[in-house]
Amino acid sequence: MLKFLDGAKSEILKYDVISFDIFDTLLLRPFIKPTDLFLYIETKYDIKGFCQARILAEMQSREISKEQDITLDEIYHQIPKEFHSYKEVEIATEKEMLIPNLEMLELYRFAKENNKRVIIVSDMYLPLEILEDILISKGFDGYTNFYLSSHIMLTKHSKDLFKHVLKQENITHTQMLHIGDNSWADDAMPKSLGIATLFRKSVLRQFEEIFPKYKTFSPTSVAQSFVLGSLCVFYKNYIQKHEKFDYWFLLGAMQAGIVAIAYCQFIYKEIHKRNIDTLVFVARDGYLLQKIFNILYPNSYKTTYVYAPRILKKAVFLEVIEGESLEILRILEGEEEIQKKQITTNQQAYIYIYSNFEHCRHLALKCLDNYRKYLYSLNLERNIAIVDTITLGYSSQELIQKALNKEVFGCYVDLLRILNHDCVSFLPFSHPKSIYFHNWDFMEFLLTSPEYPILNVENGVPIYQKDVSSCEKHRSKAYEKIVEGAVGYASYFKESQISLDIHDVIKWVNFFIDHPSIQDQEQFKQIYFLPDATHKNALPLFCNDVSLLSCILKPSQSYGILKRSLRTNKQERLFKILSLIKKIYGKLKKKS
């Protein structure tokens, strides 16, 4: 970007008159196609058929017009009567959604500061006074003249508008530089008249050059178009203007930010239906979600961040399995007491708990009482809703309900089973799931916290795991940047967010999972997740170890690892082969 700006400024200094295109040059829409604006209006105002009718009306207007361009009034003259009132809505929506291109704003101001004659030259059907108002409101004021195709009835596309500009400005072609994004109207046509051009590809094309895999992403909804379009604008205006960003910052904006915004929109709609006073975001999954919710809906609800570790719930409810016994006993007795008793293994702890069950039950009640005091210190006496990501055993909801001695409402991204709890799920519950994330562990990675694993809460203070692994430290450091990126994206678009449903999120996240770039694969080599309640058994998030040999020697184990992992192209082929073998084996087993 800096290289382009330096070169562009050098070019601007050579000419007397600097001409700017508007759309995709000075102003940006956060959509992939211009017509997606009409689909946005149709969706927002629930007016079926508007998008197609609006497109057809413009086509018909151009077909019957004897001029080089048409006006917005002419378009709405062709549209069915039931849509006539939406002309003003279209204008208002353009004003609302258009965003200044900061790169071009810098060039625009540079030209003015250097006493260049700045003019606007655009092919557009919107009225002149509307575009003048929009340009001024977005920072593009002080231009000398405005040459609009629908006002003059000459177009850049035919090059006649450029001829008109040269005549009106009383200049030769050697005195003018035109800046725009259309290879024909902004580059080939002015060049054919000898006018110098500064051709700058659209932000979408620039984004696709940096992230080639998104060339193959095909939006199937206006929300998906907004996701990709807004990220193009965010990358252009925000990320490229800041030197301190890295891979994880980008991932935060492009994945975690999108997911968190969509889930928070769902949460807001659900709690709005109920008499909820406080939103309780459960650690660690609620860390980023609370930040995003407060950005999108400031002062709408009281929010708080609560620690409710799964291992604490198991200790309070005495849900003891041998592999977690030592951690549970540490919560019940305390580290000092365990050392006195010389209990050092899970097996010893398991035997001790069941040999002294009444004593441990008393300790569990004491733990519960301490936890209750912690919750009361957060003023959670009124109607609350907890926010978590996924649940099988409803551990956080049950722990909080037990401590507060009342039912609480739960919001989840996904439910693995239905129990007798008052809750909703962003991902519709069904067996088998008709839609699903191809790798849930990646979702867990996106919606978490930079904090280390939490084992207990004492006197309102979380007790973190001490002997954390190097991979957990790396994850924590990476996640700090992910939070920055997600918060940056949400803050930038908080005023113009459109509703994202679960299908939009799943398609976007699964596209990333199914199309990892070489950079994705390299960065995720050091990312592990901790699936168990003790947070000690680290597994790779991105599969690096499954080879052809391991598939031959351990096909079942290799299939399981590949199924839950981000896969390289080679591993994707291996997974398909193993899936086919598994399918054939299953059919043969049924026959026998």
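Residues numbered from 1 in each chain as written. Predicted model: local features only at pLDDT ≥ 70, side-chain atom pairs only at ≥ 80, totals over all residues. Heavy atoms only, no water.

### Overview of the sheet that holds strand E7 (residues 196-199)
Turning to step 1, where the next piece is worked out: Spatially, 5 strands are ordered E5-E4-E1-E6-E7 in an open sheet, and the strand pairing comes out parallel. Each of the sheet's edge strands pairs with one partner strand only, and the pair in question is strand E5 (145-148) and E7. Strand-to-strand, the axes of this sheet are offset by a mean angle of 20°, without reference to chain direction.
Turning to step 2, where the next piece is worked out: Where strand E4 (residues 117-122) meets E5, 4 bridges bridge the pair, whose relative direction is parallel. Bridge assignment links serine 122 to a residue of E5, and that residue is leucine 148.
Turning to step 3, where the next piece is worked out: Taken strand by strand, helix H1 (residues 2-12) contacts strand E1 (17-20), strand E6 (176-180) and E7, and its axis lies near 150° from that of E6. (Pairing = 2+ DSSP bridges. Helix = DSSP H or I, 4+ residues; strand = E, 2+ residues; numbered from the N terminus. Axes fitted to C-alpha atoms, helices over the stretch in contact; angles between N-to-C directions. Contact = heavy atoms within 4.5 Å.)

### Some details on helix H10 (residues 183-192)
Turning to step 1, where the next piece is worked out: Among the residues of H10, those classed as buried are Ala185, Asp186, Asp187, Met189 and Pro190.
Turning to step 2, where the next piece is worked out: Looking at the buried side of H10, the elements it contacts are helix H9 (160-169), E6 and E7.
Turning to step 3, where the next piece is worked out: Downstream of H10 by a residue or two, glycine 194 has a phi angle that is positive, lying close to 85°. (Buried < 20%, exposed > 50% of the residue type's maximum accessible area, 1.4 Å probe, protein only.)

### A look at the pairing of strand E12 (residues 409-412)
Turning to step 1, where the next piece is worked out: Side chains of E12 alternate between two faces, with Phe409 and Cys411 and Gly410 and Tyr412 buried alike.
Turning to step 2, where the next piece is worked out: In terms of strand pairing, strand E10 (residues 384-387) meets E12 through 3 bridges, oriented parallel. Bridge pairing links isoleucine 386 to glycine 410 in E12.
Turning to step 3, where the next piece is worked out: Pairing of E12 with strand E14 (residues 423-425), which is carried by 3 bridges, proceeds in the parallel orientation. Looking at E14, one finds that cysteine 411 is bridged to valine 424.

### So, the sheet that holds strand E9 (residues 302-306)
Consider a sheet: its strands pair through backbone hydrogen bonds, and that pairing is either parallel or antiparallel.
Turning to step 1, where the next piece is worked out: The strand order E9-E8-E10-E12-E14 describes an open sheet built from 5 strands, whose pairing is parallel. Looking at which strands have only one partner, the edges of the open sheet turn out to be E9 and E14. Along the sheet, successive strands turn relative to each other by an average axial angle of 20°, direction set aside.
Turning to step 2, where the next piece is worked out: Of the pairings in the sheet, the one linking strand E8 (residues 278-282) to E9 comprises 5 bridges and is parallel in character. Across the sheet, residue valine 282 finds its bridge partner in E9, namely valine 306.

### Remarks on the nonpolar core
Turning to step 1, where the next piece is worked out: Judged by nonpolar contacts, the single largest core of 189 residues is most densely connected at Tyr371, Ile400 and Phe524.
Turning to step 2, where the next piece is worked out: Among the elements that line this core, the one with the most residues is helix H13 (residues 247-272), at 18 residues.
Turning to step 3, where the next piece is worked out: Those residues within four positions of isoleucine 400 in sequence are excluded, and the remaining contacts are Val280, Val282, Val306, Ala308, Tyr371, Leu375, Ile384, Ile386 and Val408.
Turning to step 4, where the next piece is worked out: Counting 12 residues, the second-largest nonpolar core is a separate cluster that includes Ile119, Tyr147, Leu161 and Leu166. (Core = buried A, V, L, I, M, F, W, Y, C linked by side-chain atoms within 4.5 Å.)

### Here we look at the environment of proline 309
Turning to step 1, where the next piece is worked out: Position of proline 309 among the secondary structure elements: in the loop between E9 and helix H15 (310-316).
Turning to step 2, where the next piece is worked out: For proline 309, a relative accessible area of 7% translates into the label buried.
Turning to step 3, where the next piece is worked out: Linking proline 309 and leucine 399, residues 90 residues apart in sequence, is a C-alpha distance of 9.0 Å.
Turning to step 4, where the next piece is worked out: Once residues within four sequence positions are removed from consideration, proline 309 is found in contact with Leu399, Ile454, Leu455, Asn456 and Val457.

### Quick word on the pattern of salt bridges
Turning to step 1, where the next piece is worked out: Within the structure shown, the criterion is met by 37 salt bridges.
Turning to step 2, where the next piece is worked out: Beyond isolated ion pairs, a larger network of salt bridges with shared partners links Arg54, Glu58, Arg62, Asp69 and Glu90. (Salt bridge = Lys/Arg side-chain N within 4 Å of Asp/Glu carboxyl O.)

### Side note on a positive patch on the surface
Turning to step 1, where the next piece is worked out: Taken together, the side chains of Lys583, Lys587, Lys590 and Lys591 define a basic patch exposed on the protein surface.
Turning to step 2, where the next piece is worked out: Tracing the backbone through its elements, the reader meets lysine 583 in helix H27 (residues 569-591). (Patch = residues over 30% accessible without salt bridge, like charges linked within 9 Å, V, L, I, M, F, W, Y side chains within 5 Å. Areas by Shrake-Rupley, 256 points an atom, 1.4 Å probe, with all protein chains shown as cover. Lys, Arg positive; Asp, Glu negative; His and termini not counted. Charge placed at Lys NZ, Arg CZ, Asp CG, Glu CD.)

### Observations regarding the side chain of lysine 156
Turning to step 1, where the next piece is worked out: In this fold, lysine 156 is placed in the loop between helix H8 (149-152) and H9.
Turning to step 2, where the next piece is worked out: The contacts of lysine 156, once residues within four sequence positions are left out, are Asp21, Val121, Ser122, Asp123, Leu161, Phe162, His178, Ala185, Asp186 and Met189.

### Some points on a nonpolar patch on the surface
Turning to step 1, where the next piece is worked out: Together, Leu548, Leu549, Ile552 and Leu553 line one region of the surface with nonpolar side chains, adding up to about 450 Å² of accessible area.
Turning to step 2, where the next piece is worked out: Inspection of the secondary structure assignment puts leucine 553 in helix H25 (residues 548-553).

### Comments concerning the pairing of E7
Turning to step 1, where the next piece is worked out: In the sheet, E6 pairs with E7 via 4 bridges, with the strands oriented parallel. Looking at the pairing, glycine 180 lines up with phenylalanine 199 of E7.
Turning to step 2, where the next piece is worked out: Regarding the hand of the β-α-β motif, the stretch spanning E6, H10 and E7 is right-handed. (Right-handed = clockwise from strand over helix to strand, strands pointing away.)

### A word on the packing of aromatic side chains
Turning to step 1, where the next piece is worked out: Within this structure, the stated rule accounts for 49 aromatic pairs.
Turning to step 2, where the next piece is worked out: Judged by centre distance (4.7 Å) and plane angle (10°), the rings of phenylalanine 234 and tyrosine 238 are stacked. Remark: tyrosine 238 and phenylalanine 234 occur in helix H12 (residues 222-239); sequence separation between them is 4 residues, near one turn of the helix.
Turning to step 3, where the next piece is worked out: The buried category is assigned to phenylalanine 234, whose relative accessible area is 0%. (Phe/Tyr/Trp six-rings, centres within 6.5 Å; stacked < 30°, edge-to-face > 60°.)

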